[in-house]
Amino acid sequence: MINTANDTSGAPGAVWSGAWVRERLGVELVGDEELTGLLGLALRRNPKRAHLLVSNVLGKHVPQSPAVVYGHGFTLGRRVRELLGEDGARAAVVLGYAETATGLGHSVADGVGEAPYLHSTRRPVEGVAPAGGFEESHSHATSHLLLPEDPELLAGPGPLVLVDDEFSTGNTVLNTIRALHERYPRERYVVVALVDMRSTADQGRLAAFAREIGARVDLVTAAKGTVRLPEGVLEKGQALVAEHEGGAGAAPGRAAGTTSTGVTRVELGWPAGVPDGGRHGFTPAHRVRLERALPAMAARLAEALPPGARRVLVLGFEELMYAPLALARELEKAVAGDGLEIRFSTTTRSPVLAVDDPGYAIRSRIVFPAHDDPADGPGERYAYNVAGAGFDAVVAVVDSVADTAELHAEDGLPATLAAHTPAVLLAVVPSYVPAPPPPDHPERSSMLPEPLRGPDFSSYAADEVGWLLQDLSDVTLEAPTEEREEAIQSGGAHYAESLPVEYQPSEQYQALFHSALDASAERIAAAVGVVTETVLAERSARPVLVSLARAGTPVGVLMRRWARHRHGIDVPHYAVSIVRGRGIDANALRWLAAHHDPADVVFVDGWTGKGAITRELAAAIEEFEASDGITGFDPEIAVLADPGSCVRTYGTREDFLIPSACLNSTVSGLISRTVLRADLVGPDDFHGAKFYRELAGVDVSVAFLDAIAARFAEVVDAVDVRTKELLAADRTPTWEGWAAVERISEEYGIHDVNLVKPGVGETTRVLLRRVPWKILARAGAGADLDHVRLLAEQRGVPVEEVAELPYTCVGLIHPKFTRGATGADGKAVTV
């Protein structure tokens, strides 16, 4: 049996795994003490470079502990994060090189934290247009493609972090930066490698190149040194390779005549929609979903291992390095203490000479045919240091594109492995196929403007929300509450054609708002966390939050803040208009479909009452699909509170005071309710709204958000527990709120469910914007109704306590409103 202990060479008395090449060719490593622990040497059949630096910690050629492999990449990522700072790390994109550094680059991206990850690929994918490409001059296979699903992934101005296993001449990195800089210029690049092996002549090129392109280029590595090559080493190396391979192309370790009939297939339960790697981009949200699914997948692997196994290899597949590494790490954690040793490496395209000598990095080689229908045609593939390594089981992990007849042939990978280990397990990860681009409607979407953003429109920061609205701030739209109510109920006007006069709270009422905020901040923070975690787990790994303006918008901002606080990810957030009886803004949907995958859109609102907007949205989406042919939008709303039991995605179903319901624009970014009026909103316009700049002195919008977000750290554990409970629970909507509203409407002789407004939030709206008739309050309701009682007192509205009420309170609008019916002051109501 060969001894693979040289994967951690550098220990006292250990033979360096580059000694064999050094003795025969005079090749030497000179530099940091860590070099001989990180690297060994081998020879390869390559006309450009005879020697190969073999990493002991990369997980490619030398089986290594998954924790060690991941730890080196993650640590480099943390160093990049320190170098860039919080803002730079948040704006960065990480790019890894196929095939050797795909897993390393992904681990670096994890260490950076917020950065999305992309790796180059040698596998063209039908339907995905390349965003660029470059050549790797010293490699045996040179063409690299960049195939991001999001064409804008590389277009941002933030730092680009390029990750390779070694930085030798610098040619590959410089070629990449030059090609990308011409198309996507930026101010900063960071080059990351396990080892910096540039010669003295090459070391000055990086600074000169940075000056040439007018950008900063930093270098982060784990160790530094150089390779000393004597004269004629290429020819001597080629002769040495020919001598040891016998000139006959023999493949040590190759199995003949075996079959894969004894292979055990393990169904992983890979999470739907999570990419198998960074070929098309991998976001921090994807990482969140993958990390949640890993324990169950590792448990399935552990259960499938043969009894008595003590040494297990998880073997990845060429560019597919991160997914099997993640599985191997989780398996290593799962079996800790059980006496099992888990190792990780991958198959490769690279032909390397194998010599069974302790002083040589590649002790054995098995050979099998390519099994993923490669674009450059069939050929041999290799797995090193597997044969003779004493593995009791090998778990081969491939993607579904590579799960082919060639894989299962008599000379395929599983059969070849079966000659060298008692047990072969096969786990297939579904190959991620990017969704086709949304249907293009250039005649409409191209005319639509970009979202409005603060401070020009709203008091929210520009990155908190983009408003898919038009600015009607200069138009007089306000009408007295009583006039609006009479016009609405008489059928003379729709409520969205005008705006109520903005309620200006008294000092007493403002004090109630701040008291309510202090009392409920922790409860709201927990609900924000739960609904956001549920969205990430069930709805989309890359959600696009679309709040229903305006009550949903503070919730959307808070959900976005939670995603950044807890997971380090930035999710897009827009606000759109929806109008009862008129539907959602179709032009806003067209804009969203032109810029994002509709399947990633999650509509957000503050709370549900009887569920009218939930039904409105479902009907509007169905109508939109029929008219525009754009599909994929999920009409179910995610809400902070669902007392009406109308949705599956919520933070809580309690009916409690959400302080943002206490005020109007001054807690909603100084934005009015949305307006839809034919003389102001044309067929190709967004719905409108006003920005009340003049109310900036009493604006508490950002203070409200900050007060909730300040409690995030306190509720993390409670959110995790509650989210886990909800994900396992039956959350089917019962629509009990709608049933209660219908009952109340008939009991009180209203006969119109639209005039019954259930829940604390809706009742507050009635008191602020409509002409209330009476308030029903659940007997014993406490401080949650203090502001309701105050508003009711100010407007002369009776509050009636009810023993059996499914909500904390219900607001009733006068069913037959005229100014004559209510009296000249518009306050006291009669029937």
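None of the values given here were measured: they were computed from a predicted structure.

The rules behind these values
Residues numbered from 1 in each chain as written. Predicted model: local features only at pLDDT ≥ 70, side-chain atom pairs only at ≥ 80, totals over all residues. Heavy atoms only, no water. Helix = DSSP H or I, 4+ residues; strand = E, 2+ residues; numbered from the N terminus. Buried < 20%, exposed > 50% of the residue type's maximum accessible area, 1.4 Å probe, protein only. Contact = heavy atoms within 4.5 Å. Areas by Shrake-Rupley, 256 points an atom, 1.4 Å probe, with all protein chains shown as cover. Expected span 1.5 Å × (residues − 1). Bend = angle between axes of the 7 residues up to and from the residue. Salt bridge = Lys/Arg side-chain N within 4 Å of Asp/Glu carboxyl O. Pairing = 2+ DSSP bridges. Axes fitted to C-alpha atoms, helices over the stretch in contact; angles between N-to-C directions. Right-handed = clockwise from strand over helix to strand, strands pointing away. Polar contact = N/O pair within 3.5 Å; in protein donor to acceptor, adjacent residues only side chain to side chain. pLDDT = per-residue confidence, 0-100. Parallel < 35°, antiparallel > 145°, perpendicular 65-115°, else oblique. Left-handed = near helix turned anticlockwise from the far one by under 90°. Nonpolar A, V, L, I, M, F, W, Y, C, P; charged D, E, K, R; others polar.

Go over the overall build of the protein chain with me, naming the residues and quoting the values.
A tally of helices and strands in the protein chain yields 23 helices and 33 strands. Burial analysis of the protein chain (831 residues in total) assigns 59% to the buried set. Here the contacts in the protein chain between residues at least 6 apart in sequence split such that 78% fall between residues at least 24 apart. Accessible surface, the protein chain: about 31000 Å² in total, of which carbon and sulfur atoms supply 51%.

Go over unusual backbone geometry with me, naming the residues and quoting the values.
For the bond running from alanine 98 to glutamate 99, omega is -5°, close enough to zero to count as cis. Structurally, the position occupied by glutamate 99 is in the loop between strand 4 (93-96) and helix 4 (102-112). Geometrically, the link from glycine 454 to proline 455 is a cis peptide bond, its omega value of 0° lying close to zero. Examined against the element boundaries, proline 455 turns out to sit in the loop between helix 12 (442-445) and strand 18 (466-467). The backbone of aspartate 373 shows a phi angle near 50°, a positive value even though the residue is not glycine. By secondary structure assignment, the location of aspartate 373 is in the loop between strand 14 (365-369) and strand 15 (380-384).

Now, about the environment of asparagine 664: what can you tell me, with residues and values included?
Within the secondary structure, asparagine 664 sits in the loop between strand 28 (649-652) and strand 29 (688-689). It is 8.1 Å that separates the C-alpha atoms of asparagine 664 and leucine 768, two residues lying 104 residues apart in sequence.

Please set out helix 3 (residues 66-91) residue by residue, giving values where relevant.
Here helix 3 is 26 residues long, yet its end C-alpha atoms lie only 29 Å apart, well below the 38 Å a rise of 1.5 Å per residue gives. Considering bend angle alone, the principal kink of helix 3 is centred on glycine 85 and spans about 115°. Taken together, the buried positions of helix 3 are Pro66, Val69, Tyr70, Gly73, Leu76, Gly77, Val80, Arg81, Leu84, Gly88 and Ala89. Next to the buried residues of helix 3 lie helix 4, strand 8 (160-167), strand 9 (188-196), strand 10 (216-228), helix 10 (322-334) and strand 13 (341-347).

Describe in detail the pattern of salt bridges, supporting the description with residues and values.
Any two side chains of opposite charge can pair, on the condition that their charged atoms come close. In total, this model carries 41 salt bridges according to the counting rule given. Between arginine 287 and aspartate 110 there is a salt bridge, and its shortest N-O distance comes to 3.6 Å. Here arginine 287 is found in helix 9 (residues 284-304), whereas its partner aspartate 110 is found in helix 4, with 177 residues between them in sequence. The two residues arginine 287 and aspartate 110 agree in class, both being buried. You can call arginine 287 buried: its relative accessible area is 12%. Here the residues in one salt-bridge network are Asp463, Arg560, Arg564 and Asp570, joined through shared partners.

Could you give an account of the sheet that holds strand 10, naming the residues involved and the relevant values?
Pairing in this open sheet of 6 strands is mixed, and the strands run 1-10-9-8-4-5 from one edge to the other. The open sheet is flanked by strand 1 (28-31) and strand 5 (117-119), the only strands paired with a single partner. If you compare each strand with its neighbour and ignore which way they point, the axes differ by 30° on average. Across 8 bridges, the pairing between strand 9 and strand 10 is parallel. Residue pairing across strands places aspartate 196 opposite lysine 224, the latter belonging to strand 10.

Which residues make up the sheet that holds strand 12 (residues 311-317), and what values go with them?
Overall, parallel pairing links the 5 strands, which are arranged 11-17-16-12-13 in an open sheet. Since the sheet does not close on itself, it has two edges, and those belong to strand 11 (264-266) and strand 13, each with one partner. The average angle at which neighbouring strand axes cross in this sheet is 25°, direction not considered. Where strand 12 lies against strand 13, 7 bridges are found, and the strand directions are parallel. The partner of leucine 315 across the bridge, within strand 13, is serine 345. Packing against the sheet, helix 10 makes contact with strand 12, strand 13 and strand 16 (393-399), and its axis sits at approximately 175° to strand 13.

Now, about the pairing of strand 8: what can you tell me, with residues and values included?
Summarising burial for strand 8: 8 of the 8 residues are buried, a large majority. Taken together, the 4 bridges between strand 4 and strand 8 define a ladder with parallel strand orientation. Bridging across to strand 8, valine 94 finds its partner in valine 161. Pairing of strand 8 with strand 9, which is carried by 7 bridges, proceeds in the parallel orientation. Of the residues in strand 9, the one forming a bridge with valine 161 is valine 190. The β-α-β motif built from strand 8, the intervening helix 5 (residues 171-183) and the parallel element strand 9 has right-handed crossover chirality.

Outline the side chain of serine 540, listing residues and values.
Within the secondary structure layout, serine 540 lies in the loop between helix 14 (507-539) and strand 22 (544-548). Using a relative accessible area of 5% as the deciding quantity, one classes serine 540 as buried. Here aspartate 600 takes part through its side chain, which lies 2.8 Å from a polar atom of the side chain of serine 540. Contact partners of serine 540, with chain neighbours within four places excluded, come to Arg289, Val535 and Asp600.

I'd like to hear about helix 5, residue by residue, with values.
Look at helix 5: 19 Å from first C-alpha to last across 13 residues, which is about the 18 Å you get at 1.5 Å a residue. For helix 5, the complete set of buried residues consists of Thr172, Val173, Leu174, Thr176, Ile177, Leu180 and His181.

Any chance you could break down the confidence of the model for the protein chain for me, citing the residues and the numbers?
Fine structural detail should not be taken from predicted coordinates in areas where pLDDT scores are low. The pLDDT averaged across the protein chain works out to 85; a share of 89% of its residues lies at or above 70. A low-confidence stretch, residues 1-10 stays under pLDDT 50, and its non-local contacts, those more than four residues away or across chains, total 31 contacts. Here residues 818-831 is a poorly scored stretch, pLDDT under 50, and it has 27 contacts once near neighbours within four places are set aside; other chains count.

Help me get a handle on the packing of helix 3 against helix 4, residues and values and all.
The description of two packed helices rests on the angle between their axes and on the distance between the axes. With their axes 6 Å apart at the nearest point, helix 3 and helix 4 run at an angle of 45° to one another. Between helix 3 and helix 4, the crossing angle belongs to the class labelled oblique. Crossing of helix 3 over helix 4 shows right-handed handedness. Of helix 4, the residues touching helix 3 (which contributes Tyr70, Gly73, Phe74, Leu76, Gly77, Arg78, Val80, Arg81 and Ala89) are Leu104, Ser107, Val108, Asp110, Gly111 and Val112. Classifying every residue of the contact of helix 3 with helix 4 by side-chain character gives 8 nonpolar, 4 polar and 3 charged.

Give a detailed account of the environment of serine 473, specifying residues and quantitative values.
Looking at the element boundaries, serine 473 is found in the loop between strand 19 (470-471) and strand 20 (478-479). Put simply, serine 473 and glycine 688 are 215 residues apart on the chain and 9.0 Å apart in space, counted from C-alpha to C-alpha. Apart from residues no more than four positions distant in its own chain, serine 473 is found in contact with Ala689, Lys690, Phe691 and Arg693. For serine 473, the side chain forms a polar contact with the main-chain nitrogen of phenylalanine 691, separated by 2.9 Å.

Outline the packing of helix 3 against helix 10, listing residues and values.
Following both chains from N to C, one finds helix 3 and helix 10 inclined at 125°, their axes separated by 8 Å at the closest point. Classed by the angle they form, the pair helix 3 and helix 10 counts as oblique. For the pair helix 3 and helix 10, the crossing hand works out as left-handed. Residues Pro66, Ala67, Val69 and Tyr70 of helix 3 form the contact with helix 10, whose participating residues are Tyr322, Leu325, Ala328, Arg329 and Glu332. Residues of the contact of helix 3 with helix 10, tallied by class, amount to 7 nonpolar, no polar and 2 charged.

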